[in-house]
Amino acid sequence: MTKKAALLQWRFGDFPLAVMRISRQITANFHYHEFMELVVIESGRGIHFTENESYPIASGDVFVIRKHNAHGYSNTENLRLINVLFYPGPLRLPLKELEDLPGYHALFETRRPAKIFYGFKPHLHLNLKQLAYIQNLTGFLERELQERKAGFAFTAKALLMLIAASLARYYEDRRANFQPPLAKISEAIAYMEQNYAKPICPADLPATVHMSARNFHRHFNAATGLSPVKYLIRLRVMRGAELLRQGEMNVTEAALQTGFNDSNYFSRQFRKVMGIGPRQFITCRGIAEK
């Protein structure tokens, strides 16, 4: 048993819910767990990557890793996080009442992180007030699990449900604040997703959604955190990673299928986005499946 596995077993004990605080998350290659993992970034920055995509993370970001979904971290810098680890089945949480909240499905039920949709990044970002509230709730949960006083299981499950409901509501609040310019950005993103394998000139994108170049770039950066050029490269890399994950193409073939004319350039961009090279990605994926 590895040191981390032993630590997790100690954390869980005989109850399928645990809180683990990591004061300095280091670079981590692809790995997966038998449980679900709710991650709250308290401070620092880095890149979080999965089998399907990669995105920068910083203080206030929240995302969920489902059971058996491989993920990892790269380019970490003073990254401090809270992990809420749980086995949904054994906990028997009454989650039916949350099913009418799209935010719950986006964060907890999808097998892939929520795509950018009307300006939303593939994870939830909390403001300072929201982050402080979630930190308090996880602190209460951690204390219940440590002290294990009478009725701790009931209280711990209630706190986890309160955390889940709060995050789902925060996600919904972002949808409620949706502004019309973001709809046009969404159209541009949809165009890029449909035509990523074809030659696309980012300078022509504003005209496709009837926006001025200045407004387009301002709203695009606000919605995605990336320039159109960097978003297109990231999109192509993500699609290339999907092809490599399927195991039916080599690196050169995947590069050509996703709009790259040069496999070396594809490899360089792949490493920038994913934190590892495409050949290492294939190797890590193979390990994760064993």
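Residues numbered from 1 in each chain as written. Predicted model: local features only at pLDDT ≥ 70, side-chain atom pairs only at ≥ 80, totals over all residues. Heavy atoms only, no water.

To continue, consider the environment of Ala132. Tracing the backbone shows Ala132 in helix α4 (residues 128-147). In the structure, Ala132 is positioned 90 residues away from Glu42 in sequence and 9.3 Å away in space, judged by C-alpha atoms. (Helix = DSSP H or I, 4+ residues; strand = E, 2+ residues; numbered from the N terminus.)

Most peptide bonds adopt trans geometry, and most residues besides glycine take a negative phi value. In this model, Asn75 sits at a positive phi of 50 degrees, which is unusual for a non-glycine residue. Take Asn75: it is sitting in strand β6 (residues 71-86). Its identity is not glycine, yet His210 carries a phi of approximately 60 degrees, on the positive side. Mapped onto the secondary structure, His210 falls in the loop between α7 (205-208) and α8 (213-224).

Right, let's talk about the nonpolar core for a bit. By size, the foremost hydrophobic cluster in this structure holds 35 residues, and its most contacted members are Leu17, Phe86, Phe108, Leu141 and Leu167. Going through the elements one at a time, β1 (17-22), β3 (36-50), β5 (61-65), β6, α3 (102-109), α4 and α5 (152-176) are the ones with two or more residues in this core. Once residues within four sequence positions are removed from consideration, Leu141 is found in contact with Leu17, Val19, Val84, Ala156, Leu159 and Ile163. Ile233, Ala254, Phe266 and Phe270 belong to the second largest nonpolar core, which has 19 residues in total. (Core = buried A, V, L, I, M, F, W, Y, C linked by side-chain atoms within 4.5 Å. Buried < 20%, exposed > 50% of the residue type's maximum accessible area, 1.4 Å probe, protein only. Contact = heavy atoms within 4.5 Å.)

For the structure shown, the criterion picks out six salt bridges. In this structure, Glu142 and Arg21 form a salt bridge, with 2.7 Å as the shortest nitrogen-oxygen distance. Linking Glu142 in helix α4 with Arg21 in strand β1, this pair joins segments that are 121 residues apart in sequence. Residue Lys149 pairs with Glu147 through a salt bridge whose shortest N-O separation is 3.6 Å. For Glu147, a relative accessible area of 44% gives the class partly exposed. One connected set of salt bridges, linked through shared partners, spans Arg21, Glu42, Arg80 and Glu142. (Salt bridge = Lys/Arg side-chain N within 4 Å of Asp/Glu carboxyl O.)

As a further point, take the pairing of β1. With respect to burial, β1 is a largely interior element, five of its six residues being buried. Bridge analysis of β1 against β6 gives six bridges, and the strand direction is antiparallel. Bridging from a neighbouring strand, Ala18 pairs with Leu85 of β6. (Pairing = 2+ DSSP bridges.)

Glancing now at the side chain of Thr258. Along the chain, the position of Thr258 falls in the loop between α10 (251-257) and α11 (263-274). Looking at Thr258, its side chain comes within polar contact range of the main-chain oxygen of Ala254, at 2.8 Å. Filtering out sequence-adjacent residues up to four positions away, Thr258 remains in contact with Tyr196, Ala197, Arg236, Arg239, Gly240, Leu243 and Phe266. (Polar contact = N/O pair within 3.5 Å; in protein donor to acceptor, adjacent residues only side chain to side chain.)

Moving on: the confidence of the model for the protein chain. Atom-level detail of predicted coordinates should not be read off regions where pLDDT is low. In this model, the protein chain carries a mean pLDDT of 82, and residues with pLDDT of at least 70 account for 83%. Note that residues 110-120 has pLDDT below 50 and, in this model, 34 contacts with residues that lie over four places away or in other chains. (pLDDT = per-residue confidence, 0-100.)

Relative to the assigned elements, Phe270 resides in helix α11. A residue is classified by how much of its surface remains accessible, and Phe270, at 0% relative accessible area, is buried. For Phe270 and Ala255, which are 15 residues apart along the polypeptide, the C-alpha to C-alpha distance reads 9.8 Å. Excluding residues within four positions of it along the chain, Phe270 makes contact with Val237, Ala241, Leu244, Gly275, Ile276, Gly277, Pro278 and Phe281.

On to α4. In an α-helix, one full turn covers 3.6 residues, which means residues spaced three or four apart are oriented alike. In a regular helix each residue adds 1.5 Å, so 20 residues correspond to 28 Å; α4 covers 28 Å between its end C-alpha atoms and thus fits that length. The opening residue of α4, the one whose side-chain oxygen lies 3.1 Å from the backbone nitrogen of Lys129, is Asn127. Phi turns positive, to about 50 degrees, at Arg148, one or two residues after α4. (Expected span 1.5 Å × (residues − 1).)

Bringing the pairing of β5 into the picture now. Each regular strand carries side chains that alternate between the two faces of the sheet. Most of β5 is tucked away: five of the five residues are buried. Of the pairings in the sheet, the one linking β3 to β5 comprises four bridges and is antiparallel in character. If you follow Leu38 over to β5, its bridge partner there is Val64. As defined by bridge partners, β5 adjoins strand β7 (residues 124-125) across two bridges and the pair is classed as antiparallel. Within β7, the position partnered with Val62 by the bridge is Leu124.

Before going further, it helps to examine the packing of aromatic side chains. Within this structure, the stated rule accounts for 11 aromatic pairs. Plain terms: the ring middles of Tyr55 and Phe63 are 6.2 Å apart, the flat faces sit at 80 degrees to each other, and that makes the pair edge-to-face. With respect to class, Tyr55 is no different from Phe63; both count as buried. An aromatic cluster of at least three residues, connected via ring pairs, comprises Phe30, Phe49, Phe260, Tyr265, Phe266, Phe270 and Phe281. (Phe/Tyr/Trp six-rings, centres within 6.5 Å; stacked < 30°, edge-to-face > 60°.)

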